[in-house]
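The chain contents come next:
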Amino acid sequence: NAGVTQTPKFRVLKTGQSMTLLCAQDMNHEYMYWYRQDPGMGLRLIHYSVGEGTTAKGEVPDGYNVSRLKKQNFLLGLESAAPSQTSVYFCASSERRTEAFFGQGTRLTVV
Amino acid sequence: KQEVTQIPAALSVPEGENLVLNCSFTDSAIYNLQWFRQDPGKGLTSLLLIQSSQREQTSGRLNASLDKSSGRSTLYIAASQPGDSATYLCAVTTNQAGTALIFGKGTTLSVSS
């Protein structure tokens, strides 16, 4: 049982480059979330989805886009990476009002 | 806006000590509260989930309590071990943002042998 899997685990981007982070869950959860974790800032919500085909903005959505074309996958895109997007990104999934499960994270460095 | 605070930010104890980590939240209208453990460079591991109607949950040496009316939760760790060294995060869900978790900044625990 894999749970929540994030791809890739590490990535270095140059400023202006684009990339997509993939999150896959095998628990048939309706809700999926993308967070970023920065020193001194804690975990902050970027975007979330309450079901296949739905997405919504969280606390810090600027510079990111998301898609939920399949229930098990939630993609986070950076169209033009900036150094301020250097962070550790976490994906999570849950059912409504139940325990949330997290992936192992993607460590992204933008130079 | 819901805010979650964890005190202390860091804690060092000798092995075998019982300890309490504190979490407070500003809006008592929560659905549940979850405690996580995070090891350096790793993801978040769920420790305990307390629904808003519950007062406490226990798992092994861990006991989490919830006082929703006062906006407080505590995580009690009995007989601490060096392997308990990690960052402990508290998070709540509300009716905002698809019931996404709102996190505190964590307490970093160091248990010395």
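The model shown is predicted, which means the values in this text are computed figures rather than measured ones.

(A) Examining the pairing of strand β8 (residues 72-77) of chain B more closely. Residue and element names in this part refer to chain B. Of the two faces of β8, the one holding Ser73, Leu75 and Ile77 is buried and the one holding Arg72, Thr74 and Tyr76 is not buried anywhere. Both strand β3 (residues 19-25) and β8 contribute to a ladder of six bridges, which runs antiparallel. By the bridge assignment for β8, Ser24 is matched with Arg72. Of the pairings in the sheet, the one linking strand β7 (residues 62-67) to β8 comprises six bridges and is antiparallel in character.

(B) Molecular detail of the interface of chain B and chain A. On the side of chain A, 22 residues touch chain B, which itself brings 21 residues to the contact. Regarding the contact of chain B and chain A, the summed buried area is about 1,700 Å², with carbon and sulfur atoms giving 55% of it. Summed over the shared surface of chain B and chain A, the number is one salt bridge. Ionic pairing is found between Glu59 of chain A and Lys1 of chain B, a salt bridge with its closest N-O pair at 3.9 Å. Where chain B packs against chain A, one counts eight residue pairs in polar contact (both at pLDDT 80 or more). Considering only residue class, the side of chain B that touches chain A consists of nine nonpolar, nine polar and three charged.

So, how was this worked out
- Residues numbered from 1 in each chain as written.
- Chains lettered and ligands numbered in written order.
- Predicted model: local features only at pLDDT ≥ 70, side-chain atom pairs only at ≥ 80, totals over all residues.
- Heavy atoms only, no water.
- Buried < 20%, exposed > 50% of the residue type's maximum accessible area, 1.4 Å probe, protein only.
- Helix = DSSP H or I, 4+ residues; strand = E, 2+ residues; numbered from the N terminus.
- Pairing = 2+ DSSP bridges.
- Contact = heavy atoms within 4.5 Å.
- Buried area = accessible area lost by both parts, 1.4 Å probe.
- Salt bridge = Lys/Arg side-chain N within 4 Å of Asp/Glu carboxyl O.
- Polar contact = N/O pair within 3.5 Å; in protein donor to acceptor, adjacent residues only side chain to side chain.
- Nonpolar A, V, L, I, M, F, W, Y, C, P; charged D, E, K, R; others polar.

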